[in-house]
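Okay, here's what each chain looks like letter by letter:
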Amino acid sequence: MNFQRLILPGIFFFLFVTGSTSSVAQWYNPNNMNKKSQDTYFQAIEYLRGGEWEKGKSLLYLTLKQEPKFVEAWLSLMGAFGERKMYDSAVLSFGKAWQMDSVYSDDYLLSFSINLAGLGRFAEANYWVDRYLATISPESRAYKSGAYRKKTYEFALDFAAKHNDDTFEFSPFNLGDSINSDRSEYYPSFTIDDSLLVFTRRLQGVREDFFSSRLLANGTYTAARAISGELNRQPSKGGTNMAADGDGLFFAGNFGGTGYGDFDIYMCYATPEGWSEPYNLGSAVNSEFWESSPAVSPDKQTLYFSSNRTGGYGGKDIYMSKRRPNGSWDLAVNLGSIVNSAADDLAPYIHADNQTLYFTSAGHPGYGGSDLYITRLGPGGEWSIPENLGYPINTINDDGSLIVAANGTTAYFSSYRSDSRGGLDLYRFELPTYARALKTQWVKGRVYDKQSGKGIPSAIEVQQTETGSFVHRLVTDERGNYLVTLPQGQNYSFTVSRKGYLFYTDRFYLEAKGMDSNFVKDIPLEPIVVNALLELKNILFETNAFKLKTSSYLELDKLVDLLKQNPGVKVEIGGHTDNVGNAADNLKLSQNRAKAVVDYLVLKGIEATRLIAKGYGSTRPIADNGTEPGRARNRRTELKVIGF
């Protein structure tokens, strides 16, 4: 008689022929169990194979009530519980079988070790898998399976040893009934301020639709609704990612032969009527192969996605494409062998700091199946060696994707857990220290013509003040709207420019202390006309001196470019001080500072006849000299257009 055994994930059901792997020291023989309990057992297995878990489990318990020493039933219970990730119950079930006949149960030591690993008991799992490997031939397929699991257990033990000082507690919080349903929800995506959530919900069959919800002031979410517009009419789509400003939605779609091959990457825009008609990002991004899981950088200038096109390092690799000033995309390039492995690498997510990338991989060292990893972009454009996010974020099963809020700490992911409403639900949790991104502030607003009030598309550059390296280079949309993210821990210069206008500058000090809040900043650009005035906010001097700080060169070079692009323009450089100290000394200091700027411009090739240096001392304050913030504003350098 053949007995069917239910085993753990990835092994499932198989037929066991009595005596085929038995040992002479065992007492248990399934054929010796009474006929009634055997019939009940076989019926239980049929239910389990048909997906009727509760009925199958109940009949296994009935089998054991009829025949308490039915070892096969205890082992099948282990498999049934293991399949449901109920590892505690699986371990207890194996313990019952092991106590009755340890020799007969030896064949299940690999499955037992996997259940222990599911509980995070990796040292025990490693011990029992060693016992299992000692009983089988090194040439067998079973040995290779055991050796693979042993490698994952050893990785887990090594990772834990390296992170044993971390006080991380993994406590995922279900986002609740407003978001989650009896269906599966996954691929969450938030705007930079967390106010709007877009995610995917699986409906009938393989159909996936996109839903959205808004965060209320009390921290709860509105009831999720299918997004408006034409997009959800398309049945074959998925892998959505929303731009940080909420104005663009990137996703994968297979729209009846209208693309370049299998799934392609598409985009649509937010409109008053809902999301626009999707458009294909073109052949520079898409290929005749599969493209999916897009993720756009916070400035919408870089797109990351996964593809199984030829020429990669594994089955699926992560690629990136840069956006051109005209809105089109450069030819996608592979992220390289540091990020991509010989297996599948997918589901990239680029954080708001624009330098921390999270992704899923089945090829880098981990806990088994696919795990979540983090890699960081270096100053030279190289990616760091991916680091596993660790247990219990990663488990012995396949782990999907996650996103991380602008604070760098709060993560969101999709999971099936004990409190799931049905299928996969969306959860949030706090990341351990080693897996966090940089806390990121943001500035958003609208660039407009100061005279007409009309929004104008403009170029924005953000540079790290000390090094001059560019953090962002982007173009606003046609209405002048922009969003810029600023990772804390550095200082930044911020420049907005458009041909025919004076540029706008600002600075943000986030090195010693981060901003208390994010900002909405609408920026007026002054057309280049006589008497147009520009405050040069990033030109700084040594205290009570007229020597330029090196950090001033970034803005001075912008001024050089402006004057070279408008060769007929003549300007006055005005120096201003606060009212502290002697008025005559302040007047002299302001004149010398204005002259220092003019000297720099001349050194860079601007004709001296186009430049006038004028010191005003403390005679033209723009703020209250009775406060330090007011005095700081009054200590300034200005440019004034005086002729053509």
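Conventions and cut-offs
Residues numbered from 1 in each chain as written. Predicted model: local features only at pLDDT ≥ 70, side-chain atom pairs only at ≥ 80, totals over all residues. Heavy atoms only, no water. Helix = DSSP H or I, 4+ residues; strand = E, 2+ residues; numbered from the N terminus. Buried < 20%, exposed > 50% of the residue type's maximum accessible area, 1.4 Å probe, protein only. Lys, Arg positive; Asp, Glu negative; His and termini not counted. Charge placed at Lys NZ, Arg CZ, Asp CG, Glu CD. Phe/Tyr/Trp six-rings, centres within 6.5 Å; stacked < 30°, edge-to-face > 60°. Lys NZ or Arg CZ within 6 Å of the ring centre and 35° of its normal. Expected span 1.5 Å × (residues − 1). Contact = heavy atoms within 4.5 Å. Polar contact = N/O pair within 3.5 Å; in protein donor to acceptor, adjacent residues only side chain to side chain. Pairing = 2+ DSSP bridges.

Colleague: Is there a simple way to explain the overall build of the chain in this structure?
Modeller: Scanning the chain from terminus to terminus reveals 11 helices and 35 strands. Along the three orthogonal principal directions, the C-alpha set of the chain runs to about 110 × 50 × 50 Å. Taken across its 644 residues, the chain has 52% of its residues classed as buried. The positive charge centre, built from 68 side chains, and the negative charge centre, built from 72, are 4 Å apart in the chain.

Colleague: I tried to follow the packing of aromatic side chains on my own but got confused; where do I start?
Modeller: Both the distance between ring centres and the angle between the ring planes are used here to describe each pair of aromatic rings. Under the criterion given, the structure shown has 35 aromatic pairs. For the pair F168 and F170, a centre-to-centre distance of 6.1 Å together with 50 degrees between the ring planes defines the contact as tilted. Ring centres of Y269 and Y279 lie 6.3 Å apart, and the angle between their planes is 20 degrees; this geometry places the pair in the stacked category. In this pair, Y269 sits in strand 10 (residues 264-271) while Y279 sits in strand 12 (residues 279-280), placing the two residues 10 residues apart along the sequence. Taking the relative accessible area as the measure of exposure, Y279 reaches 32% and is therefore partly exposed. Three or more aromatic residues joined by ring pairs form one cluster here, namely F122, F155, F159, Y367, Y391 and Y434. Positioned above the aromatic ring of F470, the side-chain terminus of R473 is 3.4 Å from the ring centre.

Colleague: Looking at this structure, how should I read helix 7 (residues 122-133)?
Modeller: Working note: α-helix, 3.6 residues per turn, so residues spaced by three or four point in the same direction. Its 12 residues give helix 7 an end-to-end C-alpha distance of 16 Å, which sits within 8% of 16 Å, the value for a rise of 1.5 Å per residue. Along helix 7, the positions that sit buried rather than exposed are F122, A125, N126, W128, V129, Y132 and L133. Buried residues along helix 7 sit against helix 4 (87-100), helix 6 (109-118) and helix 8 (141-162).

Colleague: Explain helix 10 (residues 583-603) to me, please; I cannot follow it from the model alone.
Modeller: Taking 1.5 Å per residue, 21 residues should reach 30 Å; helix 10 reaches 30 Å between its end C-alpha atoms and fits that length. Tucked into the core, helix 10 has its buried residues touching helix 9 (553-565), strand 33 (570-576), strand 34 (611-615) and strand 35 (636-643). At the N-terminal end of helix 10, a side-chain oxygen is found 2.8 Å from the backbone nitrogen of A584, two or three residues along, and the residue is N582. With its phi angle positive at about 105 degrees, G605 sits one or two positions after the end of helix 10.

Colleague: Could you clarify how one ought to interpret the sheet that holds strand 5 (residues 196-202) in this entry?
Modeller: Remark on secondary structure: sheet strands pair via backbone hydrogen bonds, oriented parallel or antiparallel. In space, the 4 strands of this open sheet follow the order 4-5-6-7, with antiparallel pairing throughout. The sheet is open, and its two edges are formed by strand 4 (185-190) and strand 7 (225-226), each paired on a single side. One ladder, built from 2 bridges, connects strand 6 (residues 208-214) with strand 7; its direction is antiparallel. Across the sheet, residue F211 finds its bridge partner in strand 7, namely A226.

Colleague: How should I be thinking about the side chain of H351 in this particular structure?
Modeller: Here H351 shows up in the loop between strand 17 (345-350) and strand 18 (356-361). With a relative accessible area of 0%, H351 lands in the buried category. Separated by 3.0 Å, the side chain of H351 and the backbone nitrogen of D353 make a polar contact. Here the side chain of H351 touches A405 through a polar contact of 2.6 Å, landing on its backbone oxygen. Beyond its immediate stretch of four places on either side in the chain, H351 contacts P298, T356, V404, A405, A406, G408, A437, L438 and T440.

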